[in-house]
Amino acid sequence: MAAVYRPGLRLSWPGLSPWGWSSWRSIQTLRVLSGDLGQLPAGVRDFVERSAHLCQPEGIHICDGSESENTATLTLLEKQGLIRKLPKYDNCWLARTDPKDVARVESKTVIVTPSQRDTVPLPTDGARGQLGNWMSPAEFQQAVDERFPGCMQGRTMYVLPFSMGPVGSPLSRIGVQLTDSAYVVASMRIMTRLGMPVLRALGDGNFVKCLHSVGQPLTGQGEQGSQWPCNPEKTLIGHVPDQREIVSFGSGYGGNSLLGKKCFALRIASRLARDEGWLAEHMLILGITNPMGKKRYVAAAFPSACGKTNLAMMRPALPGWKVECVGDDIAWMRFDSDGERPLDHSRSSGSYQSVRVSLQKKKRVSLPLLLADLLHTSWQQSSHLETESPHQIWGPAQGKQEQNRTFHGCTSQPFLVGPSFLSLLLLTGRLRAINPENGFFGVAPGTSATTNPNAMATIQSNTLFTNVAETSDGGVYWEGIDQPLPPGVTVISWLGKPWKPGDKEPCAHPNSRFCAPARQCPIMDPAWEAPEGVPIDAIIFGGRRPQGVPLVYEAFNWRHGVFVGSAMRSESTAAAEHKGKIIMHDPFAMRPFFGYNFGRYLEHWLSMEERKGARLPRIFHVNWFRRDEAGRFLWPGFGENARVLDWICRRLEGEDSAQETPIGLVPKEGALDLSGLGAVDTTQLFSLPKDFWEQEVRDIRSYLTEQVNQDLPKEVLAELEALEGRVRRM
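Counting starts from 1 at the beginning of each chain's written sequence and moves along it residue by residue. Totals for whole chains, interfaces and linings use all residues, but because this is a predicted model, local features are given only for residues with pLDDT of at least 70 and pairs of side-chain atoms are given and counted only at 80 or more. Heavy atoms throughout the structure, all of them, feed into the side-chain values; hydrogens and water do not.

### With respect to the environment of Q39
Point 1. Of note, Q39 is situated in the loop between β2 (30–34) and α1 (42–55).
Point 2. Note on exposure labels: buried denotes an accessible area under 20% of the residue type's maximum, exposed denotes more than 50%, and partly exposed covers the range between, all computed with a 1.4 Å probe on protein chains only. Overall, Q39 belongs to the exposed group, its relative accessible area being 64%.
Point 3. Spatially, the C-alpha atoms of Q39 and L199 are 10.0 Å apart, while their sequence positions differ by 160 residues. What counts as a helix is a DSSP run of H or I of at least four residues, what counts as a strand is a run of E of at least two, and both are numbered from the N terminus.

This is the structure in structure tokens:
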């Protein structure tokens, strides 16, 4: 039976002026279909009430994240004709979108700030800006007023409390999304930690407000069959970073509607990161262990569809090597020594240090009180403390704070302490990273048992596919799946039409996706949900460069590495609305995702070098996609990329295996382990044609000086000038 809640009327959303429009529901009641609106934290309840008055949903469903709720959501979508069950697999489903709603719409994605320069650099006269889209608050308010009043009529407003990152981690952040799309509900349950535990962790704390509508109200005609609901003509994805708000209208596609992904995890989070002193990046995270058992963690930035997921889930071709996945798309990274000192300086080289305390019986205590007690106990090295759930624990700062027993970074949540143990983290200035996501939203075409066997194993159950082809035996199909069709099996394309091999049109959309739980990946790293994150030893930039750029090179230093990231270029991808394969500038693989002025973003990266005690990762650049004159790839890629990671790891150990070139440090002859690989033309793979690099530096200068203009940091300009000088001397 539906619950009824009578809210107080407020029509303004902080950060926006009053809506200026009165809904007919403003004098009636909100119909709550599931959950208890009165039990929500005050800030969440207020957000729901005001948004409901604006959007006029038929009812409100507060999501608890349970399995039964998920089953009901999928059943509803199937009944509406929006998804189809795939009987060949366990709990897998297929959705087909409107052909006009298949990718991120960069041209309709905006950042809203009072000053344009807060959002984007002002390019030189006459140049069109390429580093994001700005909208004034007044213009955005008008756009909201034109779209949202009554936009959810006839539909359910779902309330999704979600955590980006492990619930309770000091690196995590919480959002609440309101949406009228059950497809979004099913997808967000996979991609984020969703449900009541998030609300309990939030309490009265701050959260990112996310409002989404497909923009297609139902006004009495009933559900419109199996038509994918969207409103392409009025699609708008707006971000208000000063208020930590996201507003999305008119699109049901993942990148535009799953607001925890690029909208929150990159655009809003990059602004949070700047304000709070950390990094939110479009990067995979992987752990790689050599045959001797030495493990390193690496973060890597690639534009969409350039092999991030394949690298994150790589099966190394080198014997004895092991890769484990922490995340395939986004990394949130923070140095672990921000103003804090380690509990004990006696072991500066280790990652962890532990102490022991003995308690006679289980009792409930707060973490600061426990540490206060510990400071007056006799600490023993090499012993260990444990709790029933992991926590990051920082010691007291020096001075007055220490005397007053103020413990920075400690959770205030109570927990059970047994007569056992609690791990204490030794802070060593390492850059630590978490994967804020809980699932994979991967590009399907090109994924196969050859290119990414771990991804193929991951998507065999509990997966929501979008815009792939369907086989008559209840399976999925796409270009590059490398699986011959069994005799008698036919294919229906993503457009719902019969398809056969050899047809001109692809069976799957180039940006078709799989949405699968990360926990199902057979090589997930044991620490992928560690609340303190994993320590990053190297950062890798890369992209699709068919000519001129060598397989791998190392930056001379941090500042040069920041320049390398700023100068990234790659063939455009199907993840956005661009057509064809042209070489585009994509600095840090973040061009579509900056939440603020790129020049200030560069300053933020450069400032990491000034952090006292910070152990900066080494920076590298890779290019798996170089071709010969006949158009053939010079490097086999995929599992063979472990040979490049091997060299990077040896460089991290201090091995003298690099030689200087004008663009950076490349492997010395014979330094790359090519054993058992067959013929590889390393001369061509690492060649640096002078004419190519002369044009490259001209293009980089033109782009940075035109697009970043007065906001280009002098340090980056100095690195560009140094590269120009080295290329002239080639």
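Having seen it, we continue.
### A closer look at helix α18 (residues 714–728)
Point 1. Expected helix span is given by 1.5 Å per residue-to-residue step, counting one fewer step than there are residues. If you check α18, its first and last C-alpha atoms are 21 Å apart, about what 15 residues at 1.5 Å a residue would give, namely 21 Å.
Point 2. Of the residues making up α18, those classed as buried are V716, E719, L720, L723, E724, G725, R726 and V727.
Point 3. Note on definitions: a residue-residue contact is assigned when non-hydrogen atoms from the two residues lie within 4.5 Å. Of the surrounding secondary structure, the elements contacted by the buried residues of α18 are α13 (558–566), α14 (598–607) and α17 (690–708).

### What about the packing of α13 against α14?
Point 1. Every axis in this analysis is a line fitted to C-alpha atoms, fitted for helices over the stretch in contact. Angles between the N-to-C directions lie between 0 and 180 degrees. Across the interface, α13 lies against α14 with an axial gap of 10 Å and an inter-helix angle of 150°. Of the possible angle classes, the one that applies to α13 and α14 is roughly antiparallel. Handedness of the α13/α14 crossing: right-handed. Seen from α13, the contacting residues are W558, R559, V562 and S566; seen from α14, they are F598, L602, W605 and L606.
Point 2. Residues are grouped as follows: nonpolar covers Ala, Val, Leu, Ile, Met, Phe, Trp, Tyr, Cys and Pro; charged covers Asp, Glu, Lys and Arg; every other residue, Gly included, is treated as polar. Its residues assigned to classes, the contact of α13 with α14 shows six nonpolar, one polar and one charged. Small angles under 35 degrees read as roughly parallel and large ones over 145 as roughly antiparallel, with 65 to 115 read as roughly perpendicular and the rest as oblique. Should the near helix be turned counterclockwise from the far one by less than a right angle, the crossing is left-handed, whereas a clockwise turn marks it as right-handed.

### What about α17?
Because each turn of an α-helix spans 3.6 residues, side chains separated by three or four positions end up pointing in the same direction.
Point 1. Between its first and last C-alpha atoms α17 spans 26 Å; for 19 residues at 1.5 Å apiece the expected length is 27 Å, and the two agree.
Point 2. When we look at burial in α17, the residues that qualify are F692, W693, E696, V697, I700, Y703, L704, Q707 and V708. Along the long axis of α17, the arc covered by the buried residues comes to 130°, so they all point the same way.
Point 3. In this structure, the buried residues of α17 make contact with α13, β34 (569–571), β35 (583–585), α14 and α18.
Point 4. In the stretch just after α17, N709 is the one whose phi turns positive, near 55°. What the arc measures is the spread of directions leading from the helix axis to the C-beta atoms.

### As for the pattern of salt bridges
Point 1. Any carboxyl oxygen of Asp or Glu that lies within 4 Å of a side-chain nitrogen of Lys or Arg is treated as forming a salt bridge with it. One pass over the structure, following the stated rule, counts 45 salt bridges.
Point 2. Two residues, E67 and R189, come together in a salt bridge whose shortest N-O distance is 3.3 Å. Taken as a pair, E67 in helix α2 (residues 67–79) and R189 in helix α5 (residues 182–191) lie far apart in primary sequence, 122 residues in all.
Point 3. The closest approach of N and O atoms between R643 and D673, which form a salt bridge, is 3.9 Å. On the criterion of sequence distance, the pair formed by R643 in helix α15 (residues 642–652) and D673 in the loop between β38 (665–667) and α16 (682–685) is long-range, its members being 30 residues apart.
Point 4. Through salt bridges with shared partners, a single network forms among D242, R244, R271, R274 and D275.

### Topic: the nonpolar core
Point 1. Residue types Ala, Val, Leu, Ile, Met, Phe, Trp, Tyr and Cys, when buried and joined through side-chain atoms within 4.5 Å, form a set referred to as a nonpolar core. Counting residues in hydrophobic clusters, the biggest one holds 167 residues, and the most contacted among them are W332, F465, W478, F541, W605 and I648.
Point 2. Setting aside chain neighbours within four positions, we find F465 in contact with L86, C92, W93, L94, A95, I459, V476, W478, R513 and F514.
Point 3. Formed by 35 residues, the second largest nonpolar core is a distinct cluster that contains V159, V198, F207 and F249.

### Some points on the sheet that holds strand β23 (residues 431–434)
Point 1. Only strands that DSSP links by at least two bridges are regarded as paired with each other. One open sheet accounts for four strands, arranged β14-β18-β23-β31; its pairing is antiparallel. Single-partner strands in this sheet number two, and they are β14 (279–281) and β31 (534–535).
Point 2. Here β14 runs beside strand β18 (residues 331–335); their pairing, made up of three bridges, is antiparallel. For E281, the partnering residue across the bridge sits in β18 and is A331.
Point 3. Contacting β14 and β18, helix α8 (residues 260–276) crosses the sheet at an angle of about 160° to β14.

### Description of the sheet that holds strand β24 (residues 439–443)
Point 1. Pairing is mixed in the open sheet, where five strands are placed in the order β4-β5-β25-β30-β24. Among the strands making up the open sheet, the edge pair consists of β4 (83–85) and β24. Here the average twist between neighbouring strands, direction ignored, is 20°.
Point 2. Across the face of the sheet, α5 comes into contact with β5 (93–95), β24, β25 (464–466) and β30 (513–517) while running at roughly 55° to β30.

### Quick notes on the packing of aromatic side chains
Point 1. Any two rings among Phe, Tyr and Trp, with Trp reduced to its six-membered ring, count as a pair given centres within 6.5 Å; such a pair is stacked if its planes are under 30 degrees apart, edge-to-face if over 60, and tilted if neither. This model, assessed by the stated rule, comprises 23 aromatic pairs.
Point 2. In textbook terms, an aromatic cluster arises when at least three aromatic residues are bridged by ring pairs, as seen for F541, W558, F588, F594, Y596, F598, Y601 and W605.
Point 3. For a lysine, the NZ atom is tested; for an arginine, the CZ atom; a charge sits over a ring if that atom is within 6 Å of the ring centre and within 35 degrees of the ring normal. Here the guanidinium or amino end of R544 rests over the ring plane of F625, the centre of that ring lying 4.1 Å away.
Point 4. Sitting over the face of the ring of F633, R627 holds its NZ or CZ atom 3.9 Å from the ring centroid.

### Re the state of the cysteines
Point 1. Note on disulfides: each one is a pair of cysteine sulfur atoms within 2.5 Å. Inspection of the entire model under this criterion finds zero disulfides.
Point 2. Left unpaired, C55 is separated from the closest cysteine sulfur, that of C151, by 3.7 Å.
Point 3. With a relative accessible area of 0%, C55 lands in the buried category.
Point 4. As a non-bridged cysteine, C521 has C325 as the owner of its nearest cysteine sulfur, 5.2 Å distant.
Point 5. Residue classification places C521 among the buried positions, given a relative accessible area of 5%.

### Some words on the environment of T179
Point 1. On the secondary structure map, T179 appears in strand β9 (residues 173–179).
Point 2. With relative accessibility at 0%, the residue T179 sits in the buried group.
Point 3. The residues touching T179, leaving out its near neighbours within four places in the chain, are M152, T156, M157, Y158, L160, V184, V185 and H212.
Point 4. Identification of polar contacts relies on pairs of N or O atoms within 3.5 Å, with a donor-acceptor requirement for protein atoms, meaning one able to donate a hydrogen and the other able to accept it, and with residues adjacent in sequence counted only if both atoms are side-chain atoms. A distance of 2.8 Å separates the side chain of T179 from the side chain of H212, its partner in a polar contact.

### Here's the deal with the packing of α13 against α18
Point 1. At a minimum axis distance of 9 Å, the contact between α13 and α18 shows a crossing angle of 85°. Taken together, the axis directions place α13 and α18 in an arrangement best described as roughly perpendicular. Every residue of α18 that contacts α13 at R559, H560, F563 and S566 is listed here: E715, V716, E719, L720, L723 and R726.
Point 2. For the contact of α13 with α18, the per-class residue count stands at four nonpolar, two polar and four charged.

### Observations concerning the side chain of E281
Point 1. Mapped onto the elements of the fold, E281 is located in strand β14.
Point 2. In contact with E281, not counting residues within four places along its chain, are L266, D329, I330, A331, M333, M590, Y601 and W605.

### Brief notes about unusual backbone geometry
Point 1. Even without glycine at this site, Q56 takes up a positive phi of about 55°.
Point 2. When you line up the elements, Q56 lands in the loop between α1 and β3 (59–62).
Point 3. You will see that N462, though not glycine, has its phi angle at about 50°, which is positive.
Point 4. For N462, the location among the structural elements is in the loop between α12 (453–458) and β25.
Point 5. In this structure N462 comes out as partly exposed when scored by relative accessible area, which is 26%.

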